[in-house]
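# Observations on the three-dimensional arrangement
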Amino acid sequence: MLEMTREEFEELVAEALDRIPPELTRLMDNVAVFVEDEPPADDPELLGLYEGTPLTDRGEWYAGVLPDRITVYRGPTLRMCESREDVVAETEVTVVHEVAHHFGIDDARLHTLGYG
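Note that residues are indexed from 1 along each chain, following the sequence as it is written. Whole-chain, interface and lining totals are the exception, using all residues; otherwise, since this is a predicted model, local features are given only for residues with pLDDT of at least 70 and side-chain atom pairs are given and counted only at 80 or more. Hydrogens and water are ignored here; the side-chain numbers use all heavy atoms of the structure.

- You'll find the chain entered in an unreviewed UniProt entry as Metallopeptidase family protein, with Streptomyces capoamus given as the organism.

Here it is in structure tokens:
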């Protein structure tokens, strides 16, 4: 398995977020991004997870709720990648994939766009 500290991995996630165009990040609302070492035991190969209410599903009722949560998992990403460059690329794909869920884009569309 490729070695990378949590701090290094968190920096890659931050850099991936920074590469999202500002006109999109300005639209992100009430969402927090986290890095965890491992995903839930029932899905050990999960690279990222979006939990919340997509922007497209929010209505007048949406107020006073906890932030949506995007989690990127370090362990499975490092296990599937062979080089630091692979980790950088996979982390960017994962971050974009989960942010896209925040915007209401489903997995089928993301696969079509190459972010599956």
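Additional details are given in the paragraphs that follow.
## Considering the sheet that holds strand β1 (residues 31–36)
- Taken together, three strands build an open sheet; the order of strands is β1-β3-β2 and the sheet is mixed. Every other strand in the sheet has two partners, leaving β1 and β2 (48–51) as the edge strands with one partner each. Across the sheet, the axes of successive neighbouring strands diverge by a mean angle of 15 degrees, strand direction being ignored.
- One bridge is not enough; two strands pair if DSSP finds at least two bridges between them. Going along the chain from the N terminus, every DSSP run of H or I of four or more residues is numbered as a helix, and every run of E of two or more is numbered as a strand. Here β2 pairs with strand β3 (residues 68–73) via four bridges, running antiparallel. Each bridged residue has a counterpart across the sheet, and for Y50 the counterpart in β3 is I70. Fitted lines through C-alpha atoms give the axes, limited to the stretch in contact for helices. The angle between two N-to-C directions lies from 0 to 180 degrees.

## Thoughts on the layout of surface pockets
- Using only the protein atoms, space was sampled on a 1 Å grid; points where a 1.4 Å probe fits but cannot get out form cavities, open sets with protein on both sides within 12 Å along at least five of seven lines form pockets, and lining residues are those with an atom within 4 Å of a point. Grid points are joined across faces, edges and corners, and a volume is the space filled by probe spheres set on the points. The space that makes up the largest pocket amounts to roughly 210 Å³.
- R19, I20, P21, L24, E92, V96, V99, A100, F103, I105 and Y115 are the residues that line the largest pocket.
- For the lining of the largest pocket, the element with the highest residue contribution is helix α4 (residues 84–102), accounting for four residues.
- Any residue outside Ala, Val, Leu, Ile, Met, Phe, Trp, Tyr, Cys, Pro, Asp, Glu, Lys and Arg is labelled polar, Gly included; the first ten of those are nonpolar and the last four are charged. Classifying every residue of the lining of the largest pocket by side-chain character gives nine nonpolar, no polar and two charged.

## Focus: the nonpolar core
- Only buried residues count toward a nonpolar core. Its members are Ala, Val, Leu, Ile, Met, Phe, Trp, Tyr and Cys residues joined through side-chain atoms within 4.5 Å. Buried residues are those whose accessible area, probed at 1.4 Å on protein chains only, stays under 20% of the maximum for their type, while exposed residues exceed 50% and partly exposed ones sit between those limits. Core analysis: the largest hydrophobic core is formed by 17 residues, its most contacted members being M4, F9, V13, V72, V87, V95 and V99.
- Elements with a minimum of two residues in this core: α1 (6–18), β3 and α4.
- Throughout, a contact is declared for two residues whenever any of their heavy atoms are within 4.5 Å. If we skip the residues at most four places from it in the chain, F9 touches M4, V35, V72, Y73, R74, T77, V87 and T91.

## Observations concerning the pairing of β3
- Summarising burial for β3: five of the six residues are buried, a large majority.
- Summarising the sheet, β1 and β3 pair through six bridges and their orientation is parallel. By the bridge assignment, F34 is partnered in β3 with T71.

## Some thoughts on the packing of α1 against α4
- Relative orientation of the contacting elements α1 and α4 amounts to 55 degrees, with a least axis distance of 9 Å. The angle between α1 and α4 falls in the class oblique. Viewed along their axes, α1 and α4 form a crossing whose handedness is right-handed. Packed against α1, whose contacting residues are F9, L12, V13, A16 and L17, the element α4 presents R84, V87, V88, T91, E92, V95 and V99 at the interface.
- Residues belonging to the contact of α1 with α4 are distributed by class as follows: nine nonpolar, one polar and two charged. We call two directions roughly parallel when the angle between them is under 35 degrees, roughly antiparallel when it is over 145, roughly perpendicular when it lies between 65 and 115, and oblique otherwise. Working rule for handedness: look at the near helix, and if it is turned counterclockwise from the far one by less than a right angle, call the crossing left-handed; if clockwise, right-handed.

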